Amino acid sequence: MTASPPLLSVVVRSMARPTLDAALASIAAQDWPAIEVVVVAACGPGHPPLPDACGAHPLRQVGANARLPRPAAANFGLDAATGDWITFLDDDDVFRPGHLSALMAARAAAPAAGLVYSFARGVFRDGHIERFGQPHALIQLYERNYIHLSTTVFRRSLVEEGCRFDESLDILEDWDFFLQLAQRTPFHFVPLQSFDWHADAGDSGAGGGSNQDDARFAAFRDRVYAKWEPLRAAHAARVE
C-alpha cells in the first residue's frame, strides 16, 4: 500500500496588503497533494476574513487581538501549523509553479536532512533579478544569512525540540532560526529557482533597494553575531 504524502503547512504572515491575493494564488497553484494554508493575521483583528480554501488546499485564518511583529507572527504560525513539514510565505512574495513539490521530492535525496532549501529569485521593482542563496556551509551561515525562509521546508519535529523565532529580533529572526535548526539537523540544498522574493517591496529594512536600511540591519546583525559567537568560535576551532 502506498503511504500518504506528508502534510506540508504553508504559514502566511499577512498584513492584508493588496499583494495577498497573488501570494495565495501562488499557493493554490502548487501541486503537492497535501498542503494546509495557515494565514496569520499579523496586522491584527481588522484583517479581512478569508475563504476556508486556497484552491484545493484548506485554509485557516488565525491571529491575535493585536498587531504581531514579524517573529511573533512566525511563532503564532508555528503553533497553529499541524503539518509534518512547514514553510513560510509572506504576503508580498510568490511561489512559482512546482516549488513546493520539488522541495518535498528533494527530501528523498537526503533523508537525514530536516531542512531542504533552494535559491530565491530576488525580483526588484525596476525589473532586474538577482539570485540569492548558495549551498550550505555552517561556518558561512554564522557570518551571514544566505537562505530565504520561503525557499525552505523543515520538519515540524525541530519546532517540537524547541526551535522558535527570537521575538527580541525585529529583523533577521529567520537567520537566527536557521542557526538554531543547524545545531540539530543537516541541511540539503537543491539548485532550484522557483520562489520570487520581492526584495524591495516591504519596509523591514532587511531586503534590498528601497527596502534596505543599512544602520538598522547592522544593529540587528551585531545582535545575532553576539548571540552565536561562542558556537561560531567553537565550530571554527574544530574545522581549522
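The rules behind each value
- Within each chain, residues carry numbers counting from 1 in the order of the written sequence.
- Totals for whole chains, interfaces and linings use every residue, but because this is a predicted model, local features are given only for residues with pLDDT of at least 70 and side-chain atom pairs only at 80 or more, for both listing and counting.
- Hydrogens are left out, water is left out, and the side-chain values use all remaining heavy atoms of the structure.
- The definition of a nonpolar core used throughout is a set of buried Ala, Val, Leu, Ile, Met, Phe, Trp, Tyr and Cys residues joined through side-chain atoms within 4.5 Å.
- For each residue, the accessible area found with a 1.4 Å probe, counting protein chains only, is set against the maximum for its type, and the residue is called buried under 20%, exposed over 50%, and partly exposed in between.
- The numbering of helices and of strands both runs from the N terminus, where a helix is a DSSP run of H or I of at least 4 residues and a strand a run of E of at least 2.
- In this analysis an axis means a line fitted to C-alpha atoms, helices contributing only their contacting stretch, and an angle means the value between N-to-C directions, from 0 to 180 degrees.
- By the definition adopted for this analysis, an angle is roughly parallel if under 35 degrees, roughly antiparallel if over 145, roughly perpendicular if from 65 to 115, and oblique otherwise.
- Each crossing gets its handedness from the near helix: less than a right angle anticlockwise from the far helix is left-handed, clockwise is right-handed.
- Two residues form a contact once any of their heavy atoms are found within 4.5 Å.
- Side-chain classes are defined by residue name, with Ala, Val, Leu, Ile, Met, Phe, Trp, Tyr, Cys and Pro counting as nonpolar, Asp, Glu, Lys and Arg as charged, and the others, Gly among them, as polar.
- A pair of strands is labelled paired if DSSP reports no fewer than 2 bridges between them.
- Pairing of aromatic side chains here covers Phe, Tyr and the six-membered ring of Trp, requires ring centres within 6.5 Å, and sorts the geometry by plane angle: under 30 degrees stacked, over 60 edge-to-face, intermediate tilted.

Caption draft 1: Here's a closer look at the nonpolar core. Within the largest apolar cluster, 42 residues are counted, with the highest numbers of intra-cluster contacts made by Phe-88, Leu-141, Phe-154 and Leu-181. No other element matches helix α6 (residues 173-182), which puts six residues into this core. Listed in part, the 29 residues of the second largest apolar core include Val-12, Leu-89, Leu-103 and Ala-120.

Caption draft 2: How the structure looks around helix α2 (residues 70-80). In terms of residue burial, α2 counts as a mostly covered element, since eight of its 11 residues are buried. When α2 is considered as a whole, its buried residues turn out to be Pro-71, Ala-72, Ala-73, Ala-74, Asn-75, Gly-77, Leu-78 and Ala-80.

Caption draft 3: How the structure looks around the packing of α6 against helix α7 (residues 214-239). Two elements in contact, α6 and α7, have axes whose closest approach is 10 Å; the angle formed by their N-to-C orientations is 20°. Comparing the axis directions of α6 and α7 gives the class roughly parallel. Crossing angle aside, the handedness with which α6 passes α7 is right-handed. The segment α6 lies against α7, with Trp-175, Asp-176, Leu-179 and Gln-180 engaging Arg-221, Val-224, Tyr-225, Lys-227 and Trp-228. Class assignment for the residues of the contact of α6 with α7 results in five nonpolar, one polar and three charged.

Caption draft 4: Region of interest: the pairing of strand β9 (residues 129-132). Where strand β8 (residues 120-123) lies against β9, four bridges are found, and the strand directions are antiparallel. Considered in β9, the bridge of Arg-121 is made with Arg-131. Counted between consecutive antiparallel strands, the loop separating β8 from β9 contains five residues, among which Gly-127 sits at a positive phi close to 100°.

Caption draft 5: Focus on the packing of aromatic side chains. Taken as a whole, this structure holds nine aromatic pairs when the rule is applied. Considering the side-chain rings of Tyr-117 and Phe-189, the 5.2 Å spacing of their centres and the 50° angle between planes classify their relative orientation as tilted. With Tyr-117 in strand β7 (residues 115-117) and Phe-189 in strand β11 (residues 187-189), this residue pair connects regions lying 72 residues apart in the sequence. By relative accessible area, which is 16% here, Phe-189 ends up buried. Arranged with centres 5.3 Å apart and planes meeting at 70°, the rings of Phe-154 and Phe-177 form a pair that is edge-to-face. A residue pair is termed long-range when its members are at least 10 positions apart, and Phe-154 in strand β10 (residues 152-155) and Phe-177 in helix α6 qualify at 23 residues. Look at Phe-177 and you get buried, because its relative accessible area is 0%. Pairwise contacts between aromatic rings join Phe-88, Phe-154, Phe-165 and Phe-177 into one cluster.

Keep in mind these numbers describe shape, not what the thing actually does.
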